[in-house]
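Residues per chain, in single letters:
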Amino acid sequence: MSELTLTVIKLGFLAVLWLLILSVTSAMRADLFGVRPPKQPKPQREAREAARQNRQPRGAKGTPTRAFIVEGPDTGKSVPLDGTPVTFGRGADCTVPLSDEYVSTQHARLRFHDNQWYVEDLGSTNGTYVGNQRLTRSTPVTARSRFRLGKTVVELRK
Amino acid sequence: MSLDRARARTEPPAPETVAPRRGRGTELVLLIFAIGIATFAYVSVDLGALGRVPPNALAYLGGLSAATAVAHIVIRIRAPYADPVILPIVVTLCGLGLAMIHRLDIADGTTRASTQLTWMAVGVALFVCVLLFVRDHRVLSRLPYLAGLAGLLLLMLPLLPVIGHSIRGARIWINVGPMTFQPGEAAKIILIIAFAAYLVQTRDALALAGRRFLGVDLPRARDLGPILLVWLAALGILVVQNDLGPSVLLFGIFVLMIYVATERISWIILGLLLILAGGFAANAVVSHVAERIEFWRDPFIDPQGQVAQSLYGLAYGGLLGTGLGQGRPDLTPIAESDFIGSALGEELGLTGLIAIILLYALLASRGLRAGLLLRDPFGKLLAAGLAAGFFLQVFIVLGGVTRLIPLTGLTTPFLSLGGSSLVMNWVLVALLIRLSDAARRPAPPSSSSSLADTAVTQVVRIR
């Protein structure tokens, strides 16, 4: 065995060892950066048609296109605002099911009317707040508006 | 890690539309890679030391592949959602250990590597048994006190007159027929299970009752009882059996698990204080401990001693190592057991040793990951305890070998020569696989949503 061969074997072994570590970490990549979300099932035909009827020209100033959950146990979830009403609550049949224990089964609803989004409380236990104001009736919201239900805060963005 | 809050995040979005990734294909590819590395290490040991390809290389490859294949197939059948990287990491570590033991065999003229391979087969057999018989990890939580008692009894076994057996001053072996066995390795796993089951029942009392003092939440005396009991038991074992490692390890695992269960940093502070107090007391009373600390402060008072030789070896290895089979790791006394870390560090260099430590870290992180994903508090605590115990053991032994902390006798998991350690670590990995399978398995879709519909909304109290 020549000296050179042994050195090549030595370095080769270290390289292979680190290659294994790289492959292991790349196998764990999904945990670090998240998996690609599965394709959403196509919406029902009538829902799509209702959405088309309600849809307004995009880009009107201040009209939000997406609601993000920015605080609470479901932080990071978001839902597109395409004109159909969006309900928030702990129940499984809500558009955005939340796991916040302070949120009622049917808690709040976002509704589109006359080119303007409104948030309304659905008779929840702990109420829905815009700022410090507990909602008693439909309240108009725009992009950058926030409202709070239980420990969850929802922000609307363009 | 919060035990309850994490539940929400793990709810799968829509189980019927998502095909969950099982990762068995990934595991197979990584396993082939791991076996390749193990064989490469084995062959290059012979090339380096003797200049020839070992005649039994194919037999070695076959044996390793057979054991791995059995484990992989059982995972496919019994734990199909298990984490795909756990088994490949374990096989790599076993392979590196076997190669290094074989390398020391060449130097010493012994045949311990084949014995170790046999023990690995026994370990895989137990691995299979655990996966076959423990279908749901929650059955393990049923008898916490009995498990705790069984663990302590196992620890005490070596003190019995006939079967107890003392090697190199430490009385931690028992004779089973012609063989010797370290019951402490089995006791470790049983005690982790007992701790987890006990803490699930008492974590609220430990976390919430008690007073605040200097910004630290102090638990009540009656809740403090068990930790003091374990501390005393650990110290007792140390004094009577003359073995530092397991007692430090056990105590550390217990403190970490209490911390995970209660999320109170005060337990870590309390644990560190107790371990310092215990260390000082042991230093004053037990000569064995005082000697270890003396060697830690100045290893070169005995240049032929283990720590000094280990440091020479690591320095000789340098950054890239001497190459497998070309160093002199056999100069360190008992290099194949506690000091296999320094033997590998000498021949693979800092680069290789860091790779090995990273493999351990990845394995422990997979355990913690399973704990984060699991939905039941017992499983969370068990996964965290197994992973923490595993990594604590690596830290204690490698820290001792590299003179970061005083040397305590512990085996390096999967690398060191020794049947009981290897076999029991395979059992530990089987439990981790079982837990990660439960963690990654998609939840039945109906139960979670119907629960959410009927659950009572909590009321915010304003004053």
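Residues numbered from 1 in each chain as written. Chains lettered and ligands numbered in written order. Predicted model: local features only at pLDDT ≥ 70, side-chain atom pairs only at ≥ 80, totals over all residues.

- Looking at an unreviewed UniProt entry, one finds chain B named FtsW/RodA/SpoVE family cell cycle protein and attributed to Jiangella aurantiaca.
- Recorded in UniProt under Subcellular location (unreviewed entry), the annotation for chain B is "Membrane". (UniProt positions renumbered as here; feature names shortened; annotations may be inferred.)

- Looking at an unreviewed UniProt entry, one finds chain A named FHA domain-containing protein and attributed to Jiangella aurantiaca.

### Here we look at the overall build of chain B
Here's step 1: For chain B, the helix and strand inventory stands at 16 helices and five strands.
Here's step 2: Per-residue burial for chain B yields a buried fraction of 49% across its 463 residues.
Here's step 3: Looking at chain B alone, contacts between residues at least 24 apart form 73% of all its contacts between residues at least 6 apart. (Helix = DSSP H or I, 4+ residues; strand = E, 2+ residues; numbered from the N terminus. Buried ≥ 20, exposed ≤ 12 C-beta atoms within 10 Å, placed from the backbone. Contact = placed C-beta atoms within 7 Å.)

### Observations regarding the nonpolar core
Residue and element names in this part refer to chain B.
Here's step 1: Counting residues in each nonpolar core, the largest one holds 132 residues, and the members touching the most others are Ala38, Ile86, Ile193, Ala196, Met257, Leu381 and Leu432.
Here's step 2: Take this core: its biggest share by element is 16 residues, from helix α14 (residues 377-401).
Here's step 3: Those residues within four positions of Leu381 in sequence are excluded, and the remaining contacts are Ala196, Leu199, Val200, Met257, Val260 and Ala261. (Core = buried A, V, L, I, M, F, W, Y, C linked by C-beta atoms within 7 Å.)

### Description of the sheet that holds strand β8 (residues 133-134) of chain A
Residues and elements named next belong to chain A.
Here's step 1: If you walk across this open sheet you meet the six strands as β2-β1-β11-β10-β7-β8, and the pairing is antiparallel. Taken across any chain shown, the strands that pair with only one partner, and hence form the sheet edges, are β2 (78-80) and β8.
Here's step 2: With two bridges joining them, strand β7 (residues 128-130) and β8 adopt antiparallel strand pairing. Pairing of Val130 across the sheet is with Gln133, part of β8. (Pairing = 2+ DSSP bridges.)

### A closer look at the pairing of strand β11 (residues 152-157) of chain A
Residues and elements named next belong to chain A.
Here's step 1: Side chains of β11 alternate between two faces, with Thr152, Val154 and Leu156 buried and Val153, Glu155 and Arg157 left unburied.
Here's step 2: Note that strand β1 (residues 66-71) and β11 share five bridges and pair antiparallel. Its bridge partner being in β11, Glu71 is matched across the sheet by Val153.
Here's step 3: Both strand β10 (residues 146-149) and β11 contribute to a ladder of four bridges, which runs antiparallel.

### As for unusual backbone geometry
Residues and elements named next belong to chain A.
Here's step 1: The phi torsion at Asn115 lies on the positive side, around 65°, for a residue other than glycine.
Here's step 2: Here Asn115 is to be found in the loop between β5 (108-113) and β6 (116-121).
Here's step 3: Its identity as a non-glycine residue notwithstanding, Arg144 has a phi of 75°, on the positive side.
Here's step 4: The topology assignment puts Arg144 in the loop between β9 (139-141) and β10.

### Examining the packing of helix α3 (residues 57-78) of chain B against helix α4 (residues 86-108) of chain B
Residue and element names in this part refer to chain B.
Here's step 1: Between α3 and α4, the shortest axis-to-axis distance is 11 Å and the interhelical angle comes to 160°. Relative to α4, the element α3 lies roughly antiparallel. Of the two possible hands of crossing, α3 and α4 adopt the one that is right-handed. Residue-level contacts link Leu64, Thr68, Ala71, His72 and Ile75 of α3 to Leu87, Val91 and Gly95 of α4.
Here's step 2: Grouping the amino acids of the contact of α3 with α4 by side-chain chemistry returns five nonpolar, three polar and no charged. (Axes fitted to C-alpha atoms, helices over the stretch in contact; angles between N-to-C directions. Parallel < 35°, antiparallel > 145°, perpendicular 65-115°, else oblique. Left-handed = near helix turned anticlockwise from the far one by under 90°. Nonpolar A, V, L, I, M, F, W, Y, C, P; charged D, E, K, R; others polar.)

### Notes on the UniProt feature "domain: FHA" (unreviewed entry) in chain A
Here's step 1: In the UniProt entry, the feature "domain: FHA" (unreviewed entry) is given for residues 86-135 of chain A.
Here's step 2: This span, residues 86-135 of chain A, is 0% helix and 46% strand, and a straight line between its end C-alpha atoms measures 17 Å.

### Notes on the environment of Ala147(B)
All names here are of chain B.
Here's step 1: Relative to the elements of secondary structure, Ala147 occurs in helix α6 (residues 144-156).
Here's step 2: As a C-alpha pair, Ala147 and Gln241 span 94 residues in sequence and 22 Å in three-dimensional space.
Here's step 3: The contact partners of Ala147, leaving out residues within four places of it in the chain, are Ile190, Ile193, Ala194 and Ala197.

### Topic: the packing of helix α13 (residues 340-373) of chain B against α14(B)
Residue and element names in this part refer to chain B.
Here's step 1: Where α13 meets α14, the closest approach of the two axes is 8 Å, and the angle between their N-to-C directions is 165°. Classified by the interaxial angle, the pair formed by α13 and α14 is roughly antiparallel. For the pair α13 and α14, the sense of crossing is left-handed. Along its contact with α13, which presents Gly341, Ser342, Ile357, Tyr360, Leu363, Ala364, Gly367, Leu368, Ala370 and Gly371, the element α14 presents Lys380, Ala383, Ala384, Leu386, Ala387, Phe390, Phe391, Val394, Val397, Leu398 and Val401.
Here's step 2: In the contact of α13 with α14, the residues fall into 16 nonpolar, four polar and one charged.

### Focus: the confidence of the model for chain B
Residue and element names in this part refer to chain B.
Here's step 1: Mean pLDDT for chain B: 83, with 85% of residues reaching 70 or above.
Here's step 2: Averaged pLDDT values over the elements of chain B bottom out at 44 in helix α1 (residues 6-9) and peak at 93 in α13.
Here's step 3: Under a pLDDT of 50 for its full length, residues 447-452 has, in the predicted model, seven contacts with residues more than four places off or in other chains.
Here's step 4: On the interface metric, ipTM, the complex scores 0.82, and its pTM is 0.74. (pLDDT = per-residue confidence, 0-100.)

### Digging into the environment of Gly399(B)
Residue and element names in this part refer to chain B.
Here's step 1: Here Gly399 shows up in helix α14.
Here's step 2: Exposure remark for Gly399: the 15 C-beta atoms within 10 Å place this residue in the partly exposed category.
Here's step 3: Along the primary structure Gly399 and Val240 are separated by 159 residues, whereas in three dimensions their C-alpha atoms are 24 Å apart.
Here's step 4: Among residues more than four places away in sequence, those in contact with Gly399 are Leu404 and Ile405.

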